[in-house]
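So the chains spell out like this:
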Amino acid sequence: ATTLGASAAESGRYFGAAVAAHKLSDSVYTGILNSEFTSVTPENEMKLDATEPTQGQFTYTSADRIVAHAAARGMKVRGHTLAWHSQQPGWMQSMEGAPLRSAMLNHVTQVATHYRGKIDSWDVVNEAFADGDGGGRRDSNLQRTGNDWIEAAFRAARAADPGAKLCYNDYNTDDWTHAKTQAVYRLVQDFKTRGVPIDCVGFQSHFNPASPVPSNYQTTLENFAALGVDVQITELDIEGSGSAQASNYDRVTRACLAVARCNGITVWGIRDTDSWRASGTPLLFDGSGNKKAAYTSVLAAL
Ligand code: XIL
């Protein structure tokens, strides 16, 4: 096939992009989105500060625009994200303890209910584990409400939208030997053993020279999949250019294709100029919307 989405569909996968609602009026941007991609992830519009800027008052206008755009074109939607230490509204940042726990669960319930039936996969919890060698949880106001906060969030999400796949999503979990990877693996294993609802694990996969695609990336995907969850590459971008960048994109794409339960890849933006990275050229299209060597290598690998 001649597009990312159609090629991924040949093996039953989706190929998605992070999308910003305010760019949907840019015809170059939307032209590429509509022709190449079969899934969208709102880049910021479903985060806690966007959907509940004032406690108990929910605003869905921007996220709804992205969901409507996707629905009109048969694209899947990855919901991102229901519970996270970052991009919390001010009122939540200053909360702790039992009131924060209830506010977090109410947020999960309200947002997942609003989008019930419209979300393929939800990043229920994002980035809850610490970096470094400790293999522990990240300290945050949510973590301080009790170690079971992740489980509570997943149960609330399942109750609100039983049809959505529920994912745990994180970064620096690509190297199988890394303590953070092992810690997330044990969480998923524990959830599966105890029947806590979890259906998928998202690997953000933001790669750069300091944090390259690890040689055991496919092994990591395989080992998580063997726990009985889907694995998804959720925020892919790779710094670099030319053939070196293309070969890294090729490796990531082939790793997913080699794992039956790796059912989709999402890149974190469309053109290099859409990237959240302040500098660099980490995506598949250049600033003018032209296909890069990285695009060609992904298309060939799919
Ligand atoms: C980023 C967005 O791309 C930026 O626009 C925003 O300013 C900050 O967040 N991990 C995640 C994403 O899970 O939500 C982040 O998105 C990138 C890192």
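Residues numbered from 1 in each chain as written. Predicted model: local features only at pLDDT ≥ 70, side-chain atom pairs only at ≥ 80, totals over all residues. Heavy atoms only, no water.

Participant: Looking at this structure, how should I read helix α4 (residues 61-72)?
Facilitator: Structurally, the α-helix is built with 3.6 residues per turn, so residues lying three or four positions apart point the same way. End to end, α4 covers 16 Å across 12 residues, agreeing with the expected 16 Å (1.5 Å per residue, within 8%). Elements in contact with the buried residues of α4: β1 (14-19), α2 (27-36), β2 (39-42) and β3 (76-84). Of the residues trailing α4, Gly74 is marked for its positive phi of about 70 degrees. (Helix = DSSP H or I, 4+ residues; strand = E, 2+ residues; numbered from the N terminus. Expected span 1.5 Å × (residues − 1). Contact = heavy atoms within 4.5 Å.)

Participant: What is the right way to look at the site of the ligand in this model?
Facilitator: Taken together, 13 residues sit near the ligand, with Glu43, Asn44, Lys47, His80 and Glu235 positioned nearest. Interatomic distance of 2.9 Å between a side-chain N/O atom of Asn44 and an oxygen atom of the ligand. Asn126 is positioned such that a nitrogen or oxygen atom in its side chain is 3.0 Å from an oxygen atom of the ligand. Contact with the protein chains removes 77% of the 410 Å² of surface that the ligand exposes when unbound. Among the cavities detected, the one that contains the ligand is the largest pocket. Considered class by class, the residues forming the shell around the ligand number 3 nonpolar, 6 polar and 4 charged. (Near = heavy atom within 4 Å. Polar contact = N/O pair within 3.5 Å; in protein donor to acceptor, adjacent residues only side chain to side chain. Areas by Shrake-Rupley, 256 points an atom, 1.4 Å probe, with all protein chains shown as cover. 1 Å grid on protein atoms, 1.4 Å probe; cavity = no way out; pocket = protein on both sides within 12 Å on 5 of 7 lines; lining within 4 Å. Sits in = over half its atoms within 2 Å of the grid points. Nonpolar A, V, L, I, M, F, W, Y, C, P; charged D, E, K, R; others polar.)

Participant: What am I meant to see in the side chain of Asn263 here?
Facilitator: Turning to its location among the elements, Asn263 is positioned in strand β9 (residues 262-267). When its relative accessible area of 14% is taken as the criterion, Asn263 is described as buried. Side chain to side chain, Asn263 and Gln232 meet in a polar contact 3.4 Å long. Setting aside chain neighbours within four positions, we find Asn263 in contact with Gly12, Arg13, Tyr14, Lys165, Asp230, Val231 and Gln232. (Buried < 20%, exposed > 50% of the residue type's maximum accessible area, 1.4 Å probe, protein only.)

Participant: Whenever I open this one, the UniProt feature "active site" (unreviewed entry) in the chain confuses me. Can you help?
Facilitator: Sites flagged by UniProt as "active site" (unreviewed entry) map to Glu235. Tracing the chain through its elements places Glu235 in strand β8 (residues 230-238). Filtering out sequence-adjacent residues up to four positions away, Glu235 remains in contact with His80, Asn169, Phe203, Gln204, Ser205, His206, Thr266 and Trp268. There is a polar contact of 3.2 Å between the side chain of Glu235 and the side chain of Asn169. (UniProt positions renumbered as here; feature names shortened; annotations may be inferred.)

Participant: Please explain unusual backbone geometry as it appears in this structure.
Facilitator: Negative phi values dominate among residues other than glycine, just as trans dominates among peptide bonds. Of note, the bond from His80 into Thr81 is cis; its omega dihedral lies within 30 degrees of zero at 0 degrees. Structurally, the position occupied by Thr81 is in strand β3. A positive phi angle, close to 55 degrees, is found at Glu127, a residue other than glycine. Examined against the element boundaries, Glu127 turns out to sit in the loop between β4 (121-126) and α7 (149-160).

Participant: Hey, could you run me through empty space enclosed by the protein in this one?
Facilitator: Gaps left between atoms are located by rolling a probe of water-molecule size over the structure's atoms. Going through the model one piece at a time under the given rule, you end up with 1 cavity of 30 Å³ or more. In this structure, the largest cavity spans a volume of roughly 30 Å³. Lining the largest cavity, in full, are His85, Asn126, Glu127, Ala128, Arg138, Ser140 and Trp149. Each residue belonging to the lining of the largest cavity can be placed in one class, and the counts come to 2 nonpolar, 3 polar and 2 charged. (Points joined across faces, edges and corners; volume = space filled by probe spheres on them.)

Participant: So what exactly am I meant to see when it comes to the layout of surface pockets here?
Facilitator: Of the volumes computed, that of the largest pocket is approximately 300 Å³. Contributing to the lining of the largest pocket are 18 residues, with Glu127, Gln204, His206, Glu235 and Trp276 lying nearest its centre. Of the residues belonging to the lining of the largest pocket, the class tally is 4 nonpolar, 8 polar and 6 charged.

Participant: Would you explain the state of the cysteines in this entry?
Facilitator: Cysteine pairs can be covalently joined through their sulfur atoms, and such a bond is termed a disulfide. Inspection of the entire model under this criterion finds 2 disulfides. Linked covalently through their sulfurs, Cys167 and Cys200 form a disulfide whose S-S length is 2.1 Å. Classification of the bridge connecting Cys167 and Cys200 rests on its S-S torsion, roughly -85 degrees, and on that basis the disulfide is left-handed. Of the two residues, Cys167 sits in strand β5 (residues 165-170) while Cys200 sits in strand β6 (residues 200-203), which places them 33 residues apart along the sequence. Accessibility assignment for this pair places Cys167 and Cys200 in one class, buried. Here Cys256 connects covalently by a disulfide to Cys262, the sulfurs 2.0 Å from one another. (Disulfide = S-S within 2.5 Å.)

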